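For reference, the chains in residue letters:
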Amino acid sequence: MSASGGTRAIVAALAANLAIAAAKFVAFVFSGSSSMLAESVHSLADSGNQGLLLLGGKKAQREATPQHPFGYGRERYIYAFLVSIVLFTVGGMFAIYEGYEKIKEPHPIDAWYWPIGVLVFSIIAEGFSFKTAIKESNELRGKQTWGQFIKRAKAPELPVVLLEDAGALVGLVLALAGVGLALATGNGIWDGIGTLCIGVLLIVIALVLAAETKSLLLGEAAGAEDVEKIKAALVDGDVVTRVIHMRTLHLGPEELLVAAKIAVQHDDTAAEVANAINAAEARIREAVPIARVIYLEPDIYHAATAPNGAGSGKSL
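What you see is a predicted model; the values in this text were computed from it and never measured.

1. Remarks on the overall build of the protein
Secondary structure assignment for the protein yields nine helices and three strands. In sequence order, the protein lays out its α and β elements as α-α-α-α-α-α-α-α-β-β-α-β. Taken against the 2.2 N^0.38 rule, which gives 20 Å for 316 residues, the C-alpha radius of gyration of the protein at 26 Å runs more than 25% over that of a compact globule. C-alpha extents for the protein along the principal axes are approximately 90 × 35 × 35 Å. Here the protein, with 316 residues, has 46% of them falling under the buried criterion. Taking the intrachain contacts of the protein between residues at least 6 apart in sequence as the baseline, contacts between residues at least 24 apart amount to 76%. For the protein, the accessible area works out to roughly 14,800 Å², and carbon and sulfur atoms hold 65% of it.

2. Some words on empty space enclosed by the protein
For the structure on display, the rule yields one cavity of 30 Å³ or more. Empty space within the largest cavity amounts to approximately 90 Å³. What lines the largest cavity is Ile 150, Lys 151, Ala 153, Pro 156, Pro 159, Val 160, Leu 209, Glu 212, Thr 213, Leu 216 and Glu 220. Elements represented by at least two residues in the lining of the largest cavity include exactly helix H5 (146-152), helix H6 (157-185) and helix H7 (189-218). The greatest single-element share of the lining of the largest cavity, amounting to four residues, is contributed by H7. For the lining of the largest cavity, the class distribution of residues is seven nonpolar, one polar and three charged.

3. Observations regarding a negative patch on the surface
A surface patch of negative charge is lined by Asp 236, Asp 238, Asp 267 and Glu 272. Looking at where Asp 236 falls in the secondary structure, it is placed in the loop between helix H8 (224-234) and strand S1 (240-252). Among the residues examined, Asp 236 registers a relative accessible area of 33% and is labelled partly exposed.

4. Let's talk about the packing of aromatic side chains
Considering all chains together, one arrives at three aromatic pairs under this definition. Ring centres 4.7 Å apart and planes at 10 degrees place the aromatic pair Phe 30 and Trp 114 in the stacked group. Taken as a pair, Phe 30 in helix H1 (residues 7-31) and Trp 114 in helix H4 (residues 113-141) lie far apart in primary sequence, 84 residues in all. Using a relative accessible area of 30% as the deciding quantity, one classes Trp 114 as partly exposed. For the ring pair Trp 146 and Phe 149, a centre distance of 6.2 Å and an interplane angle of 85 degrees mean the geometry is edge-to-face. With Trp 146 and Phe 149 both in helix H5 and three residues apart, the pair spans about one turn of that helix. Residue classification places Trp 146 among the partly exposed positions, given a relative accessible area of 33%. Classification of Phe 149 by relative accessible area gives buried; the value is 4%. Just above the ring of Tyr 72 sits the side chain of Arg 62; from NZ or CZ to the centre is 3.9 Å. Note that Arg 141 overlies the ring of Trp 146, its terminal NZ or CZ placed 4.0 Å from the centroid.

5. Description of the pairing of strand S3 (residues 291-299)
In terms of strand pairing, strand S2 (residues 255-264) meets S3 through eight bridges, oriented parallel. Bridge pairing in S3 places Ala 263 opposite Asp 299. Regarding topology, helix H9 (residues 270-287) serves as the crossover connection from S2 to the parallel S3, and that connection is right-handed.

6. A closer look at the pairing of S1
Bridging between S1 and S2 involves ten bridges; their strand directions are antiparallel. The partner of His 245 across the bridge, within S2, is Lys 261. Counting the residues in the hairpin turn of S1 and S2 gives two residues.

7. Focus on the environment of Ile 85
Turning to its location among the elements, Ile 85 is positioned in helix H3 (residues 75-104). In this structure Ile 85 comes out as partly exposed when scored by relative accessible area, which is 38%. C-alpha separation for the pair Ile 85 and Ala 210, spaced 125 residues apart in sequence, amounts to 7.4 Å.

8. Examining the environment of Pro 156
Position of Pro 156 relative to the elements: it lies in the loop between H5 and H6. For Pro 156, a relative accessible area of 3% gives the class buried. Distance from Pro 156 to Ile 20, taken between C-alpha atoms, is 24 Å for residues 136 residues apart in sequence. Beyond its immediate chain neighbours, meaning those up to four positions away, Pro 156 contacts Arg 76, Tyr 77, Ala 80, Leu 216 and Pro 253.

How each quantity is defined
- Think of each chain on its own: its residues are numbered from 1, step by step along the sequence as written.
- Restriction of local features to residues with pLDDT of at least 70 applies here, the model being predicted, together with a cutoff of 80 or more for giving and counting side-chain atom pairs; totals for whole chains, interfaces and linings are based on all residues.
- The basis for the side-chain values is all heavy atoms of the structure; hydrogens and waters are excluded.
- A run of DSSP states H or I qualifies as a helix once it reaches four residues; a run of E qualifies as a strand once it reaches two. Both are numbered from the N-terminal end.
- It is over C-alpha atoms that the radius of gyration is taken, and the globule rule equals 2.2 Å times the number of residues to the power 0.38.
- Categorising residues by exposure relies on relative accessible area from a 1.4 Å probe, with only protein chains included: less than 20% of the type maximum marks a residue as buried, more than 50% marks it as exposed, and the intermediate range marks it as partly exposed.
- The contact criterion used throughout is that any non-hydrogen atoms of two residues lie within 4.5 Å.
- Only the protein chains shown count as cover for residues, with accessible areas throughout obtained via the Shrake-Rupley method and a probe of 1.4 Å.
- Throughout, the protein atoms alone are placed on a 1 Å grid, and a set of points is a cavity if a 1.4 Å probe fits but cannot get out or a pocket if it is open with protein on both sides within 12 Å along at least five of seven lines; lining residues have an atom within 4 Å of a point.
- Grid points are joined across faces, edges and corners, and a volume is the space filled by probe spheres set on the points.
- Note on residue categories: nonpolar means Ala, Val, Leu, Ile, Met, Phe, Trp, Tyr, Cys or Pro, charged means Asp, Glu, Lys or Arg, and polar means any other residue, Gly included.
- Two distance rules govern patches: like charges are joined within 9 Å, and nonpolar side chains (Val, Leu, Ile, Met, Phe, Trp, Tyr) within 5 Å, applied only to residues with over 30% relative accessible area and no salt bridge.
- A pairing counts as a salt bridge when a side-chain nitrogen of Lys or Arg comes within 4 Å of a carboxyl oxygen of Asp or Glu.
- Counted as positive: Lys and Arg. Counted as negative: Asp and Glu, with His and the chain ends omitted from the count.
- Here the site of a charge means NZ on Lys, CZ on Arg, CG on Asp, or CD on Glu.
- Stacked, edge-to-face and tilted labels apply to pairs of Phe, Tyr and Trp rings (six-membered ring for Trp) whose centres lie within 6.5 Å, assigned for plane angles under 30 degrees, over 60, and everything in between, in that order.
- A ring has a charge above it when a Lys NZ or an Arg CZ is no more than 6 Å from the ring centre and no more than 35 degrees off the ring normal.
- In this scheme, strands are said to pair when DSSP sees at least two bridges between them.
- For a crossover, the right-handed case is the one in which the path from the first strand over the helix to the second runs clockwise, viewed with the strands pointing away from the viewer.

This is the structure:
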């Protein structure tokens, strides 16, 4: 996984979550707070998720084989999808169960300084991790809004870490509110309500992640900007006169397949067409470096048979 895949952000999140999970569990042991138990499981699940992202990045680097001729780039999508499942089952469902149990049988929080101290420490540590994820994301985000970046990003790691860290910070605030209200009122039910809210939050984040990674698994085309660059690179105005139709597909976050039917002159020789195709492939790779697998089919353009008005140069 390249640096653009967010390795630094993943490692920062992993280190923060391991330290936070240990601190939260110690606070649970001394205080009996269900919010702290739910949050410790949440941080432990997040640590496992970061491990899965790193493992997916490692497996995606394997060389192509006869059985998998386009390589293993989509391994990163598979492991990102597993992250959403882990977050849903381990984090969200456990927190909802624990919150329900605490609401049903509330009990006061002991040694209040443990959960309060650990939550403040956790907010600081998660804030550092979140800041790292934001910094790396800004290098790729450009002028996109955060919502657009999460939806359109082809590398799944940074959106996953961003949503996890944002969810963790909101969850910590909810836990702090639940513990604080339980201490202020002397009623442990508030601790359970805070835990329940954490569970709902985690499930919502997991569903968003699942929807986005499912789209990547199904196969997404290149972004609109890259599509326009490829179309411009294909046409040289001499031998290649237009793009009849074109398809693009991400084989992985950093590998793009391009397949296009291009129009050539009816009297061009085979050598001229072959040279034009080679030149077009070179221009595409220069314009969009991640376009590594390119298939170009020459044809004679006929306006009457061109699909959906593709004679205008628009790709389908």
